[in-house]
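Results of the structural survey
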Amino acid sequence: MCSSSYSIPFAVRREKASKISFLFSFETLMTDKNQDLENRIRDYWDRRAAAFGDLREMELGSEKAERWVKEFRAALPKRPLRILDIGTGPGFFAVLLTREGHTVTGIDLSPQMIEEAKAFAARHGAQAQFFVMDAMKPAFAKESFDAIVTRNLTWTLPDVKAAYEAWTELLVPGGVLVNFDANYGPISFTGLSHSLKKEGVSNAHSDIDDADLIDCDQIKSELAVSKEARPAYDVGLLENLGYRVVADEALTSRVYPEQDYASNPMAMFSIVATKKA
């Protein structure tokens, strides 16, 4: 009796301990994997920062800048806002939005991009702040911003759901999230770039070397969001968080109607999501 009465609880305790150990190991493994991906993503954008800054400098001096401004005027409340530009890159949106009278803070995982952004803003007299920061874990107080904007960022994130949840905490009630991105998952950047070069079609990826294209494709293949159909995936996540969401898949036709040095070879979408008041 004694042996039997003690052996069962011990077995149960051992099974529970085993499950806890497995869960802990799995969570550690996923954390390590995401950290490795973030490091590779950061290094990729560090390498591309200078060329990316040159591209955005040309874009700022073109008719495309005004097209982007029109997108923001349509999406954002018509008053001075506190705006967080997540994945600011060289600071292109930060400059446009400060010119519109908004107070802008830009963050990016890449230190080299932040250096480009500071220099870019200084050249154009934009009083924006810039910080090196993880887009999935922005270190700001709750309800610090009236709006969040981002461009070609969410496709690079290891955990898009976690990012949207974190961003929701930063927005005031009734705040607006504007996300410009594309469904990059199904395509090969390397294959598409080679194909367009053969056709003589200019685009924003024309000057990226093969090593970086291959690296980007490899990173993309390891990201869970690459397997999702977008923007439907994003719309579902945001609606589950209580947003009122409007998705528009005609963005490219408005901002990049011509094929040139700045045009994105993939059709871009816009998402304007308003947090519950």
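The coordinates are above.
Residues numbered from 1 in each chain as written. Predicted model: local features only at pLDDT ≥ 70, side-chain atom pairs only at ≥ 80, totals over all residues. Heavy atoms only, no water.

On to the overall build of the protein chain, then. On a plain count of helices and strands, the protein chain comes out with nine helices and seven strands. Counting every position in the protein chain, which comprises 277 residues, the buried fraction comes to 48%. Surface summary for the protein chain: the accessible area is close to 13700 Å², and the carbon and sulfur share equals 56%. (Helix = DSSP H or I, 4+ residues; strand = E, 2+ residues; numbered from the N terminus. Buried < 20%, exposed > 50% of the residue type's maximum accessible area, 1.4 Å probe, protein only. Areas by Shrake-Rupley, 256 points an atom, 1.4 Å probe, with all protein chains shown as cover.)

With that out of the way, let us pick up the packing of helix H6 (residues 189-199) against helix H7 (residues 210-221). Running from N to C, H6 and H7 cross one another at 140 degrees; their axes reach a closest spacing of 8 Å. As far as their axial angle goes, H7 and H6 are oblique. Of the residues in H7, those touching H6 at Phe 189, Thr 190, Ser 193 and His 194 are Asp 210, Leu 213, Ile 214, Cys 216, Asp 217 and Lys 220. Looking at the contact of H6 with H7 residue by residue, the class counts come to four nonpolar, three polar and three charged. (Axes fitted to C-alpha atoms, helices over the stretch in contact; angles between N-to-C directions. Parallel < 35°, antiparallel > 145°, perpendicular 65-115°, else oblique. Contact = heavy atoms within 4.5 Å. Nonpolar A, V, L, I, M, F, W, Y, C, P; charged D, E, K, R; others polar.)

Spatially, E3-E2-E1-E4-E5-E7-E6 is the arrangement adopted by the seven strands of the open sheet, whose pairing is mixed. Of all the strands in the sheet, the pair left with one neighbour each is strand E3 (129-132) and strand E6 (244-248). Taken pair by pair, the neighbouring strands of this sheet meet at an average axis angle of 15 degrees, ignoring direction. With respect to the sheet, helix H2 (residues 63-75) is in contact with strand E4 (145-151), strand E5 (171-182) and strand E7 (268-274), its orientation differing from that of E5 by roughly 145 degrees. (Pairing = 2+ DSSP bridges.)

Right, let's get into the pattern of salt bridges. Taken as a whole, this structure holds 24 salt bridges when the rule is applied. A salt bridge links Lys 64 to Glu 258; the shortest N-O distance between them is 3.7 Å. Within this pair, whereas Lys 64 is found in helix H2, its partner Glu 258 is found in the loop between helix H9 (251-255) and E7, the two being separated by 194 residues in sequence. A salt bridge links Glu 165 to Lys 161, with the shortest nitrogen-to-oxygen separation between them at 2.6 Å. Of the two residues, Glu 165 and Lys 161 are both situated in helix H5 (residues 160-170); the distance of four residues between them amounts to about one turn of the helix. Here Glu 165 falls in the partly exposed class, since its relative accessible area comes to 33%. For Lys 161, a relative accessible area of 44% gives the class partly exposed. It is possible to trace a salt-bridge network through shared partners that takes in Glu 63, Lys 64, Arg 67, Glu 258 and Asp 260. (Salt bridge = Lys/Arg side-chain N within 4 Å of Asp/Glu carboxyl O.)

Our focus in this paragraph is the side chain of Arg 230. Here Arg 230 shows up in the loop between H7 and helix H8 (232-240). Engagement of the side chain of Arg 230 in a polar contact is seen with the side chain of Thr 154, the distance being 2.8 Å. Only 2.8 Å separates the side chain of Arg 230 from the side chain of Asp 234, close enough to count as a polar contact. (Polar contact = N/O pair within 3.5 Å; in protein donor to acceptor, adjacent residues only side chain to side chain.)

Working note: a packed helix pair is described by the angle between its axes plus the distance between those axes. Relative orientation of the contacting elements H2 and helix H3 (residues 92-99) amounts to 65 degrees, with a least axis distance of 10 Å. One element, H2, and the other, H3, form an angle in the roughly perpendicular class. Remark: the crossing between H2 and H3 carries right-handed chirality. In this structure, H2 uses Ala 65, Trp 68, Val 69 and Phe 72 to contact H3, whose residues at the interface are Phe 92, Phe 93, Leu 96 and Leu 97. (Left-handed = near helix turned anticlockwise from the far one by under 90°.)

Moving on: the packing of aromatic side chains. Taken as a whole and assessed by the stated rule, the structure comprises 14 aromatic pairs. Relative to Phe 93, the ring of Trp 68 lies with its centre 5.2 Å away and its plane at 70 degrees, an arrangement referred to as edge-to-face. Separated by 25 residues along the polypeptide, Trp 68 in helix H2 and Phe 93 in helix H3 bring together distant segments of the chain. Both residues of the pair, Trp 68 and Phe 93, count as buried. A cation over a ring is seen here: Arg 56 above Phe 52, with NZ or CZ 4.6 Å from the ring centre. Over the aromatic face of Phe 189 sits the side chain of Lys 220, whose NZ or CZ is 5.3 Å from the ring centroid. (Phe/Tyr/Trp six-rings, centres within 6.5 Å; stacked < 30°, edge-to-face > 60°. Lys NZ or Arg CZ within 6 Å of the ring centre and 35° of its normal.)

It is worth spelling out H2 at this point. Under the 1.5 Å per step criterion, the end-to-end length of H2 is 19 Å for 13 residues, consistent within 8% with the ideal 18 Å. All of the buried residues along H2 are Lys 64, Ala 65, Arg 67, Trp 68, Val 69, Glu 71, Phe 72 and Ala 75. Between a side-chain oxygen at the N-terminus of H2 and the backbone nitrogen of Lys 64 the separation is 3.1 Å; the capping residue is Ser 62. (Expected span 1.5 Å × (residues − 1).)

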